[in-house]
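Structure at a glance
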Amino acid sequence: MKIHEYQAKKILSEFGVAVQEGIVANSAAEAEAAFTKLGVPTAVVKAQVHAGGRGKGGGVKLVKSAQEANSVSATILSRPLVTHQTGPQGVPVHKVLVCAAVDIAKEYYLGMVLDRSLGLVLMASAEGGVEIEEVAQKSPEKILKETVDVRYGLLPFQARRMAMQLGFAENELDIVVKTMQGITQAFIAYDCSLVEINPFVRTKDGKIMAIDAKILFDDNADFRHPVYEELRDNSEVNEAEIRAAKSKLSYIKLDGNIGCMVNGAGLAMSTMDIIKRAGGEPANFLDVGGGVQQDQVIEAFRIIVSDPHVEAILVNIFGGIAKCDLIAQGIVNAVKEMGLKHPLVVRLEGTNMEMGMKILSSSGLKIDTATGMADAAQKVVAAAKAKK
Ligand code: ADP
Ligand code: MG
């Protein structure tokens, strides 16, 4: 789950990280008032969206007066923001954050992720800022790493060593160490999957602070953090994705025209791959889960066909906990109830597969069955092409 910059900054400040918080504004008028309240000569207006790359995409703008804060915010709030992380359609902007502008002398990168084989990994670079992805790709040696044992947290010597390697001066070490420890504590306390400060800056007048922050929560920990609900902003999430989550389906919309219904994330991913290999483009990732029930099958179909780009559907189910005959019955019921018109290819494998196939073939419906994944992919790609 993603949250906004202003929310991430608030969390990090609770853990002693020196962050520049700013004032949240829901309208141009509020942004104007925020500028006046800050009482600074120059501020930045920052689009609050669930995507990075805002600086390059025009979502972070310097303003020099309350009037300018108003007009710049009005523009930012008026249209979807497109960054390299959003796709060409962009994401809607409902809020901006107004912060004092600082004179940056140097930008650093600080981030923490969970590495399943190592534990928590704190990453840092003296080459932070909007080009960090390029640094990671072209000169990975410029990214420093410290592995953290969750039982003890980030030890002071680890943080100091890293801070010194980054080139911080003696008198800056305390604040940098405190920031790194704050990142670690927040990461553990909130069950995050990512905490990132980019950039962490030294200003020309020698102040050290975080001027951006990003946090992702691990959805698996949802049940023990009621606060996730308070921080959730669904206005940026695709409607079909919200609907899918309600039925415990994991759905991600993609750009192609072949709708997919698959059980198990691994099988779903290999299904995407094999569709691409057969020359097609998946319209979505949809994992209905290992123990999929009949009512989820119909909801899954509804979600798939709610995407107007879908031209053919592939159902790829491995019957383990889920029985193929029950799934087949679910498919038949769904097709009848919905009057599904899309070409449909079904591949069933596993428990009660023969019974499942029989239910499909004796249903009198136009359902194409496939043996094996390659066959299924070829059939569905051909069906989608035939519709064009
Ligand atoms: P994103 O990561 O989405 O591009 P950032 O908050 O990191 O957004 O802002 C992008 C860039 O804008 C930063 O790297 C920094 O150079 C500049 N910037 C952001 N906030 C400020 C600020 N308060 N004062 C001066 N420059 C800023
Ligand atoms: Mg940033």
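We now turn to the structure provided with this report. Remember, it's a predicted structure, so these values are computed and weren't measured experimentally. (Residues numbered from 1 in each chain as written. Chains lettered and ligands numbered in written order. Predicted model: local features only at pLDDT ≥ 70, side-chain atom pairs only at ≥ 80, totals over all residues. Heavy atoms only, no water.)

**Re the site of ligand 1**
Around ligand 1 lies a shell of 18 residues, among which Lys46, Arg54, Gly55, Val102 and Glu107 are the nearest. A distance of 3.1 Å separates an oxygen atom of ligand 1 from a polar backbone atom of Asn198. At a threshold of 2 Å from the grid points, most atoms of ligand 1 map onto the second largest pocket. Contributions of two or more residues to the shell around ligand 1 are made by strand E2 (43–47), helix H3 (54–57), strand E5 (104–115) and strand E8 (192–203). Here the residues of the shell around ligand 1 sort into 9 nonpolar, 5 polar and 4 charged. Mapped onto the domain boundaries, the shell around ligand 1 takes at least three residues apiece from domain 1 (1–20 + 104–237) and domain 2 (21–101). (Near = heavy atom within 4 Å. Polar contact = N/O pair within 3.5 Å; in protein donor to acceptor, adjacent residues only side chain to side chain. 1 Å grid on protein atoms, 1.4 Å probe; cavity = no way out; pocket = protein on both sides within 12 Å on 5 of 7 lines; lining within 4 Å. Sits in = over half its atoms within 2 Å of the grid points. Helix = DSSP H or I, 4+ residues; strand = E, 2+ residues; numbered from the N terminus. Nonpolar A, V, L, I, M, F, W, Y, C, P; charged D, E, K, R; others polar. Domains from an automatic or database assignment.)

**Some remarks on the pattern of salt bridges**
If you walk through the whole model with that rule in mind, you get 21 salt bridges. Close ionic contact of Lys46 with Glu5 constitutes a salt bridge, the shortest N to O distance being 2.8 Å. You can see Lys46 sitting in strand E2 and its partner Glu5 sitting in helix H1 (residues 5–14), a full 41 residues away along the chain. When the shortest N-O distance is used, the salt bridge between Glu229 and Arg232 registers 3.0 Å. With a relative accessible area of 47%, Glu229 lands in the partly exposed category. Three or more residues joined by partner-sharing salt bridges are found here, namely Glu5, Lys9, Lys46, Arg54 and Asp212. (Salt bridge = Lys/Arg side-chain N within 4 Å of Asp/Glu carboxyl O. Buried < 20%, exposed > 50% of the residue type's maximum accessible area, 1.4 Å probe, protein only.)

**Examining the coordination of the magnesium ion (ligand 2)**
Protein-derived coordination of the magnesium ion (ligand 2) comes from Asn198 (O) and Asp212 (OD), at a distance range of 2.1 to 2.2 Å. Taken together, the positions of Asn198 in strand E8 and Asp212 in the loop between strand E9 (208–210) and strand E10 (214–217) put the pair 14 residues apart, joining distant regions of the chain. Accessibility assignment for this pair places Asn198 and Asp212 in one class, buried. (Donors = N, O, S within 2.8 Å, 3.2 Å for Na, K, Ca; no water.)

**Things to note about the sheet that holds strand E1 (residues 23–25)**
Strand order in the open sheet made by the 4 strands is E1-E4-E2-E3, with antiparallel pairing throughout. The strands lining the two open edges of the sheet, one partner per strand, are E1 and strand E3 (60–63). Averaged over all pairs of adjacent strands, the angle between their axes in this sheet comes to 25°, without regard to strand direction. Examined bridge by bridge, E2 and strand E4 (residues 96–100) share 5 bridges and lie antiparallel to one another. Residue pairing across strands places Ala47 opposite Val96, the latter belonging to E4. The sheet strands contacting H1 are E1, E2 and E4, and the helix crosses E4 at an angle near 55°. The sheet contacts of helix H2 (residues 28–38) involve E1, E2, E3 and E4, and relative to E4 the element is tilted by about 20°. (Pairing = 2+ DSSP bridges. Axes fitted to C-alpha atoms, helices over the stretch in contact; angles between N-to-C directions. Contact = heavy atoms within 4.5 Å.)

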